Amino acid sequence: MISSSHKRLAVAGTATNQAPFGSNCVRLTGYEWFIVAVVISALFYFVPKLWKHIEKFEPGSDYRLPYKLSDDYWLYSRYCRWACSEEKTLVIGDSVIWGHYVSENNTLSGHLNKIAGRDMFVNMGVDGIHPVALAGLLKYYSRDISDKDIILHFNPLWMSSEKHDLQIEKEFNFNHPKLVPQFIPNIPCYKVSSSVRIKSVIERYISFFSWTSHLKRAYFENLDLPRWTLEHPYENPLKNITLQLPTSDNYNGNENIPWYEKGVTKQDIQWVAIENSLQWRFFKHSVQFLRKRGNRVFVLIGPFNEHILKDGSIDVYRQMKKKIEAWLKQNNVPCYMPEALPSSMYRDASHPLSEGYAELARQLSENESFNLSILN
Amino acid sequence: MLFHTWSFVLFFLIVYPIYLVLKRTRFRLFWLLAVSYFFYGCFHPLYPILIAYVSLVDYIVVVRMEKSSRRKGPRSAGTKAWLLVSIFNNLALLGFFKYGGFVTDNLNFLLSSLGIPYAIAEPGIILPVGLSFYTLQSMSYAIDFYRGNIEREKSFIAYAAYVSLFPRLLAGPIERAKNLLPQLHTTPRISIHDVTDGLSLFVVGLFKKVALADYLALYVGKVYAAPEQFKSPALILATFLFSWQIYFDFSGYTDMARGLARMMGIRLMLNFNNPYLATGLGDFWRRWHISLSSWFKDYVYIPLGGNRSGKFKTYRNMFLTMIISGLWHGAAWTFVIWGAVHALGRFLTRELEGTSFYKEKVPRLVKQLFVFVFITFAWIFFRAENISDAWLIIVRIFSSGLANPYCPILTLTLIFAVWLYQFAYESRIKWILELRAVRVGIVIAMIIYLAVFAKSSEAPFIYLQF
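Residues numbered from 1 in each chain as written. Chains lettered and ligands numbered in written order. Predicted model: local features only at pLDDT ≥ 70, side-chain atom pairs only at ≥ 80, totals over all residues.

Within chain A one finds 14 helices and 5 strands. In terms of principal-axis extent, the alpha carbons of chain A reach across some 85 × 45 × 45 Å. Sorting the 376 residues of chain A into buried and exposed places 42% on the buried side. Within chain A, contacts between residues separated by at least 24 positions form 75% of all contacts whose residues are at least 6 apart in sequence. (Helix = DSSP H or I, 4+ residues; strand = E, 2+ residues; numbered from the N terminus. Buried ≥ 20, exposed ≤ 12 C-beta atoms within 10 Å, placed from the backbone. Contact = placed C-beta atoms within 7 Å.)

Here it is in structure tokens:
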């Protein structure tokens, strides 16, 4: 019932010609708001934790995050925890690591596992993640990977134009906007409202909200409930929560055709100067951040498809590689910067085909620095 | 920076503690004014200049009216002239910003109909958000002073804060000076009840806007964007959903506005009182956008003569008031027709209410249903893009045949739940809704629904366009 204090207030209100409360009974006292706060806090805290027990997540050998869950950072965080509990070496990077044009056992981690003879490497690649977003992913959603061995990949493709480097003023939809810095430093092409920015920040710290995003992505075709019901007006949304996550190899992009057979011609890439590159700046930040967290980091650069570059672009690219190498050496970061693979082993400017991954894994396994820092 | 966005939450979290610190000092009103202007400036940096201009003109007008009435008497020609300055200034602003395009379109249409090969250039002016609301509020201050209903406000800061108070700045309630100015002058006694009541109102408003109005808008928007592609059931359902969408949208805004003000120790008037339970059109307008209805009653209907001079003049005055009210809502012929339809509805239900059969024999639920159907029909003109679309929708409702409407069951379930709640609220079983478990349960359910299921939306409130 309405509390006696509220009744007194209502009477007093009438006496002093105050406005009536409203046209409903949803009027809580301080004590009742306290109950609401306790219940909501408990739900916010426990539901995501309980969900991990309800929803089965058993990554097998050579597992990679399902393509359609690339933006599901709650699941990524869960994947990190699983990988660390298994004492694996994590291979982190963008679609080159994820294996955009190959099946899950033909990725770099897949081939490294074949060479190692056991499931030692985990594919932690995320499709489309660029270094600025990767820094956010590592900082906010990968807290469990402290002290672990990490192979961190850098794809020079992200410096191949001002647009890739997120430096242009004109707004465009880039990948993983929730992971980039929302306020400082300013990303010129990121022009969403401050509300969207604040929401992204809140989602990083309150796992309940990233869990709700997980529900959307895993069960509702990445739509919020209202939009989903518009597409499925007569279906019961609860029935859609099957607790069965999409499989990891449902991506239908396996093509073993080299780039030149797909009609791709040589390109004159306008590389962003490394000194001004936002992507490189954030990659450096990720390396330093991981090392501070106690991770042993091994950096893999490329291998970029140099065969696709016109002469002028190759020269600039090689100078850029030298500068990258210099910074890594200067900071004592173990790394490997392979020469370009044979042309037939690339699908496009940066993605190797299965043979390319096998070759890269072989080269890595023979690399002294890799052996010292990862295999030992 | 709308109430249902995170930016506003951040804004309020900064503004409110400072307000509490300053509430007993003379800086309280300065703070209130500064944050209100900042809030308004977030929509456009020039808007604060406009509202300052409106406030300043009406403040000076009333100063001059007071001087004039001291010298020549309270309702002298000089006083009246100053009142006309206020009315002209406010209506001119509305005319310039709101009706410029409408007048130009109609003049161009007239010129082309007369075969005159000349077209006036479109003014291309955007209506500043909230202008329609604060000009009425500011104008009412001058009129009330002229009528001797209020004293002159001595402090310009207090007056400017009254016009620009941020919780009610964008879409009302349109508060009278008599209610709001004394509250601004008194040191607010903010009790825990004010805070908890304010929170209760805010959460209910947020739920209405984000979980209900914005949800219904998806289906309504789809159907009304291309009415020629939909058949009768979809058009009927979209119109039905729009009835609830606009109610949830506007009353949700008002609830949030009242909640915020209440947390600051300021009581704003009730603006919606379960309007879809009305048993007549008159009853509806006493429950829907009450601050506007009473404004038009006090400043248009009664000055026109009200119901004092016989039936014909009463209906004429009602008709004119409703047409002006329609035109206030939007500068388009659809709104004029909407006002006219409502006026006709008022005549009809007024006559019906005069009969003993309607009064005594027709069950309350049937009256409510009748009024709701009528109001819903009138909303077609309100929502349609133009008159031809409205006409197309009406024709297709009656002639396009049947087809699966693909309307989400969940929308209808939510509306039914709200209607049932309101029905219970005005019935003998209201006590059930007052149970602690029910009230707490409803709030928890609303918050969880908002956190888990509601769509991420920054959709503006419908009434911001008026």
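Still more to cover.
Another aspect to go through is unusual backbone geometry. For residues other than glycine, phi is negative in most cases, and the peptide bonds are mostly trans. Residues and elements named next belong to chain A. At the junction of Ile 184 and Pro 185, the peptide bond is cis and its omega measures out at -5° in the coordinates. Looking at where Pro 185 falls in the secondary structure, it is placed in the loop between strand E3 (149–154) and helix H7 (194–205). Between Gly 302 and Pro 303 the backbone carries a cis peptide bond, its omega angle lying at 0°. The residue Pro 303 is located in the loop between strand E4 (296–301) and helix H12 (311–330) in this model. For Leu 166, which is not a glycine, the phi torsion comes out positive at approximately 60°. As for its position among the elements, Leu 166 is in the loop between E3 and H7.

Turning to the sheet that holds strand E1 (residues 89–92) of chain A, a few remarks are in order. Residue and element names in this part refer to chain A. Spatially, the 5 strands line up as an open sheet ordered E2-E1-E3-E4-E5, and their pairing is parallel. Bordering the open sheet on either side are strand E2 (121–123) and strand E5 (335–336), each of which pairs with just one other strand. Of the pairings in the sheet, the one linking E1 to E2 comprises 3 bridges and is parallel in character. When the sheet's bridge partners are listed, Val 91 is paired in E2 with Asn 123. (Pairing = 2+ DSSP bridges.)

Our next topic: the packing of helix H5 (residues 108–116) of chain A against helix H13 (residues 354–366) of chain A. Residues and elements named next belong to chain A. Across the interface, H5 lies against H13 with an axial gap of 8 Å and an inter-helix angle of 50°. Accordingly, the angle class assigned to the pair H5 and H13 is oblique. Handedness of the H5/H13 crossing: right-handed. Judged by residue contacts, Leu 108, His 111, Leu 112 and Ile 115 of H5 engage Tyr 357, Ala 358, Leu 360, Ala 361, Arg 362, Leu 364 and Ser 365 from H13. (Axes fitted to C-alpha atoms, helices over the stretch in contact; angles between N-to-C directions. Parallel < 35°, antiparallel > 145°, perpendicular 65-115°, else oblique. Left-handed = near helix turned anticlockwise from the far one by under 90°.)

A word on the interface of chain A and chain B. At the interface, 40 residues of chain A touch 46 residues of chain B. Secondary-structure elements contributing two or more residues to the side of chain A that touches chain B are helix H1 (4–15), helix H2 (30–54), H7, helix H8 (207–219) and helix H9 (225–231) of chain A.

In this section: helix H1 (residues 6–22) of chain B. Residue and element names in this part refer to chain B. For H1, built from 17 residues, the straight-helix expectation of 24 Å at 1.5 Å per residue is met to within 8% by its first-to-last C-alpha distance of 25 Å. Here H1 has its buried residues at Phe 8, Phe 12, Val 15 and Tyr 19. Buried residues of H1 fall within an arc of 85° about the axis and therefore sit on the same side. In H1, the exposed positions angled more than 90 degrees off the buried face are occupied by Leu 13, Ile 14, Pro 17 and Val 21. Residues of H1 that are buried make contact with helix H2 (27–41) and helix H11 (232–263). (Expected span 1.5 Å × (residues − 1). Arc of directions from axis to C-beta.)

Here we come to the nonpolar core. Counting 130 residues, the largest nonpolar core has Tyr 162, Leu 216, Val 220, Ala 238, Leu 241 and Phe 381 of chain B as its most contacted members. There are two domains that each give this core at least three residues, and those are domain 1 (6–188) and domain 2 (193–452) of chain B. Not counting residues up to four positions away in its chain, the partners in contact with Tyr 162 of chain B are Ala 177, Leu 180, Leu 181 and Leu 184 of chain B. Grouped together as the second largest cluster of nonpolar side chains are 82 residues, Ile 92, Ile 151, Val 180 and Val 297 of chain A included. (Core = buried A, V, L, I, M, F, W, Y, C linked by C-beta atoms within 7 Å. Domains from an automatic or database assignment.)

This next bit is on the domain arrangement of chain B. All names here are of chain B. As far as domains go, chain B holds domain 1 (6–188) and domain 2 (193–452). Using C-alpha coordinates to define each centre, domain 1 is positioned 26 Å away from domain 2. Domain 1 puts 21 residues into the contact, and the matching count from domain 2 is 20 residues. When contributions to the side of domain 1 that touches domain 2 are tallied by element, the ones reaching two or more residues are H1, helix H5 (100–113), helix H6 (131–146), helix H8 (166–169) and helix H9 (177–185). The greatest single-element share of the side of domain 1 that touches domain 2, amounting to 4 residues, is contributed by H6. The residue inventory of the side of domain 1 that touches domain 2, partitioned by class, reads 12 nonpolar, 6 polar and 3 charged. (Nonpolar A, V, L, I, M, F, W, Y, C, P; charged D, E, K, R; others polar.)

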